[in-house]
Amino acid sequence: MVVLGAGPAGLLLGNLLHRGGIDCVVLERADRGHVQTRARAGFLAANTVRILDRHGLAGGLHRHGREHGACEFRTAEGRFRLDYGGLGRGERHTVYPQQDLVTDLLTHYLEAGGRIHFGTEALAVHDAGTTRPSVAVRETDGRPGHWRARYVAGCDGRHGAARRSLPPGAVRHHRDHGISWLGLLAQAPPSLDAVGYAVHDRGFAGHMARTPEVTRYYLQCERGTAAAARSDEDLWDELDTRMYAPEHGPLNRGRFLHRGVVDFESDVIEPLRHGSLLLAGDAASLISPSAAKGANLAVLEAELLAHALVADLAHGDPRALDRYSRQALAHIWRAQEFSHWMIRLLHREPSAPGSESFFHESLRLSRLESLRTSRTHQDWFAENYTGV
Ligand code: RFL
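The following refers to the structure shown. The shown structure was predicted, so the numbers you read here are calculated from the model rather than taken from an experiment.

**Quick notes on the pairing of strand β6 (residues 78-82)**
Line of reasoning, step 1. Taken together, the five bridges between strand β5 (residues 71-75) and β6 define a ladder with antiparallel strand orientation. Each residue of the ladder has a partner; that of R74, found in β6, is R79.
Line of reasoning, step 2. Hairpin connection, β5 to β6: the antiparallel pair is bridged by two residues.

**Details of the pattern of salt bridges**
Line of reasoning, step 1. Evaluated as defined, the whole model comprises 33 salt bridges.
Line of reasoning, step 2. The partner of D127 in a salt bridge is R148, with the nearest N and O atoms 4.0 Å apart. Taken as a pair, D127 in the loop between β9 (121-126) and β10 (134-138) and R148 in strand β11 (residues 144-148) lie far apart in primary sequence, 21 residues in all.
Line of reasoning, step 3. Given a relative accessible area of 40%, D127 falls into the partly exposed group.
Line of reasoning, step 4. Judged by its relative accessible area of 42%, R148 falls in the partly exposed class.
Line of reasoning, step 5. With its nearest N and O atoms 2.9 Å apart, the salt bridge here joins E238 to R242. Separated by four residues within a single helix, E238 and R242 lie in helix α7 (residues 232-242), roughly one turn from each other. Comparing E238 with R242, the two get one shared label, buried.

**What about the side chain of R242?**
Line of reasoning, step 1. Of the residues examined, R242 reaches a relative accessible area of 5% and is grouped as buried.
Line of reasoning, step 2. Within polar-contact distance, the side chain of R242 engages the backbone oxygen of R202 at 3.3 Å.
Line of reasoning, step 3. Polar contacts involving the side chain of R242 include one to the main-chain carbonyl oxygen of Q220, which spans 3.0 Å.
Line of reasoning, step 4. Non-local contacts of R242, meaning those with residues more than four positions away in its chain, are made with A198, H200, R202, G203, F204, A205, L219 and Q220.

**Considerations on the sheet that holds β11**
Line of reasoning, step 1. Read from one edge of the open sheet, three strands run β9-β10-β11, paired in antiparallel fashion. Looking at which strands have only one partner, the edges of the open sheet turn out to be β9 and β11. Across the sheet, the mean angle from the axis of one strand to that of its neighbour is 25 degrees, orientation sign disregarded.
Line of reasoning, step 2. Bridge analysis of β9 against β10 gives five bridges, and the strand direction is antiparallel. Residue pairing for β10: H126 is matched across the bridge by S134.

**Observations concerning the packing of helix α9 (residues 294-315) against helix α10 (residues 319-346)**
Line of reasoning, step 1. Where α9 meets α10, the closest approach of the two axes is 9 Å, and the angle between their N-to-C directions is 170 degrees. Considering their axes alone, α9 and α10 lie roughly antiparallel with respect to each other. For the pair α9 and α10, contact is made by L297, L300, E301, L304, L305, A308, L309 and D312 and by A320, L321, Y324, Q327, A328, H331, I332 and A335, respectively.

**Here's the deal with the nonpolar core**
Line of reasoning, step 1. If you look at the biggest cluster of nonpolar residues, it comprises 72 residues, and the most contacted ones within it are L12, L13, L17, L272, L305 and L309.
Line of reasoning, step 2. Looking at which element gives the most residues to this core, the answer is α9, with 11 residues.
Line of reasoning, step 3. With 29 residues, the next largest nonpolar core counts F73, Y218, L368 and Y385 among its residues.

**Description of the packing of α10 against helix α11 (residues 354-373)**
Line of reasoning, step 1. Close contact between α10 and α11 brings their axes to 8 Å; oriented N to C, the two are set at 110 degrees. In terms of orientation, α10 and α11 fall into the roughly perpendicular class. Seen from α10, the contacting residues are W341, R344, L345 and L346; seen from α11, they are R364, R367, L368 and L371.
Line of reasoning, step 2. When the residues that make up the contact of α10 with α11 are grouped by side-chain class, the tally is five nonpolar, no polar and three charged.

**Some remarks on the packing of aromatic side chains**
Line of reasoning, step 1. Inspection of the entire model under this criterion finds 18 aromatic pairs.
Line of reasoning, step 2. Seen from their ring centres, F338 and W380 are 5.6 Å apart, and the 65 degrees between their planes marks the pair as edge-to-face. Of this pair, F338 sits in helix α10 while W380 is found in helix α12 (residues 375-386), placing the two residues 42 residues apart along the sequence.
Line of reasoning, step 3. The aromatic ring of Y151 is capped on one face by R150, whose charged end is 4.1 Å from the ring centroid.

**Describing the site of the ligand**
Line of reasoning, step 1. Near the ligand lie 32 residues; those nearest to it are E28, R38, R40, Q98 and D282.
Line of reasoning, step 2. Within the contact set of the ligand, a nitrogen atom lies 3.1 Å away from a backbone nitrogen or oxygen of R29.
Line of reasoning, step 3. Elements with a contribution of two residues or more to the shell around the ligand: α1 (8-19), β9, β16 (215-221) and α9.
Line of reasoning, step 4. Broken down by element, the residue count for the shell around the ligand peaks at four residues, all from α9.
Line of reasoning, step 5. Residue classes in the shell around the ligand are distributed as 13 nonpolar, 10 polar and nine charged.

**So, the side chain of Q220**
Line of reasoning, step 1. Note that Q220 resides in strand β16.
Line of reasoning, step 2. Within the structure, Q220 has its side chain in polar contact with the backbone nitrogen of F204 (distance 2.9 Å).
Line of reasoning, step 3. Not counting residues up to four positions away in its chain, the partners in contact with Q220 are I179, S180, W181, G203, F204, R242 and H347.

**Some details on the environment of V299**
Line of reasoning, step 1. Looking at where V299 falls in the secondary structure, it is placed in helix α9.
Line of reasoning, step 2. In this structure V299 comes out as buried when scored by relative accessible area, which is 1%.
Line of reasoning, step 3. It is 6.8 Å that separates the C-alpha atoms of V299 and L12, two residues lying 287 residues apart in sequence.

So, how was this worked out
Along each chain, residues carry numbers from 1 onward, in the same order as the chain's sequence is written. Per-residue local features of the predicted model are confined to residues with pLDDT of at least 70, and side-chain atom pairs are confined, for both listing and counting, to 80 or more; whole-chain, interface and lining totals are unaffected and use all residues. In computing side-chain properties, one takes all heavy atoms of the structure into account and sets aside hydrogens as well as water. A pair of strands is labelled paired if DSSP reports no fewer than 2 bridges between them. Helix numbers and strand numbers start at the N terminus; a helix is a DSSP run of H or I with at least 4 residues, a strand a run of E with at least 2. The rule for a salt bridge is simple: a side-chain nitrogen of Lys or Arg has to be within 4 Å of a carboxyl oxygen of Asp or Glu. When accessible area is computed with a 1.4 Å probe and restricted to protein chains, residues below 20% of their type maximum are described as buried, those above 50% as exposed, and intermediate ones as partly exposed. N or O atoms closer than or at 3.5 Å make up a polar contact, with two conditions inside protein: a donor-capable atom paired with an acceptor-capable one, and, for residues adjacent in sequence, both atoms drawn from side chains. Should any heavy atoms of two residues lie within 4.5 Å, those residues are considered in contact. To obtain each axis, a line is fitted to C-alpha atoms, and for helices this fit is confined to the stretch in contact; angles are then taken between N-to-C directions over 0 to 180 degrees. Just so you know how the angles are binned, under 35 degrees is roughly parallel, over 145 roughly antiparallel, 65 to 115 roughly perpendicular, and the rest oblique. Think of a nonpolar core as a cluster: buried Ala, Val, Leu, Ile, Met, Phe, Trp, Tyr and Cys residues, connected wherever their side-chain atoms sit within 4.5 Å. Under the scheme applied, nonpolar residues are Ala, Val, Leu, Ile, Met, Phe, Trp, Tyr, Cys and Pro; charged residues are Asp, Glu, Lys and Arg; polar residues are all the others, including Gly. Each Phe, Tyr or Trp ring, with Trp reduced to its six-membered ring, pairs with another whose centre is within 6.5 Å; inter-plane angles below 30 degrees give stacked pairs, above 60 give edge-to-face pairs, and intermediate values give tilted ones. Geometrically, a lysine NZ or arginine CZ counts as sitting over a ring once it is within 6 Å of the ring centre and also within 35 degrees of the ring normal. We define proximity as follows: a residue is near a molecule or strand when any one of its heavy atoms falls within 4 Å of that partner.

Here it is in structure tokens:
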């Protein structure tokens, strides 16, 4: 079994396959240091914690993660807070940086004797329609190589080799939302004890705690904005304005450790199985970060896929593998729907002309007002916000 990519999807899959007695190797393009320091997600759903608990992989997040169950919406009219941990199914997030989760998964995998090759880039998957697919790779020293296995799991993200190797029958449902965020990682303590979502005439701004010393901020920006274009001070002023600091208090400032622009695109590959090639995580579906679903879906799919592969390879039962694509896609579309709803809640309709723009904006403010006042709407929000 060959697994492409050592992100949350590939490493959870590697752990579970190895435990299931399946001979497997993980091939990762980057070096170990890069994999363990790439800051991305931070909000883990309750189901993600349950999955990691089930397999004894949640020690780090229980020791260092923090439970989180509130968000605050700010608009020109004022602010309101939703204690979503007490709404819906009563589930909360655990805030735990993705790079720490990846480090934990990697440590468990290596300690159990799992095999991984860093600095090995998959170039293409061949013969996926047969029972002996192969992966062409570029080794650390630049030399070509190849691996052959019964199955190849494509967990190598949106730009990986698995996606490039899909047969013509694969469909990619794609949507460009026309929205971009400048993601900022600040060396500064959180400024509020809730996720902050600010809806402002100048565009969206967001606040999400990561650790007691590090906070993530987002600023909606024009497509094509260069991440380095503005000074730290200028960005803090912009964040203060959009988060209504004069009314609700200033933000805790600090140096920006990382900046990156995310263009809001979503896509779903159907189906997720192409003979001996199976997709999971961002390779299967890309989801814009507005609802913090990507890493959670990656974990959920990796567990489903691991069970199915172990059933097939260790017990000769192919039924779960036959169901994998349908089952995973049901979760993916649910997350996409909610994520899309969040996008429309948090942003102006980007290309709507004059009168239509007023129409969309009025719908958006009404949606926010309903969320502020309707317990039913709040329960629905909480269930979807924390669920995958
Ligand atoms: P990853 O994490 O991208 O890992 C893929 C791995 O594959 C390697 N790779 C290759 N290896 C070999 N050969 C090749 N040809 C290869 N091409 C790539 C890469 O080096 C990498 O190590 O995918 P995976 O495992 O599917 O996990 C997906 C998540 O990383 C992603 O969905 C989340 O980070 C999305 N996301 C969030 N998700 C959440 O659930 N909660 C959040 O709070 C959250 N916040 C975010 C996010 C994503 C963000 N960005 C950067 C898009 C915040 C941001 C800013």
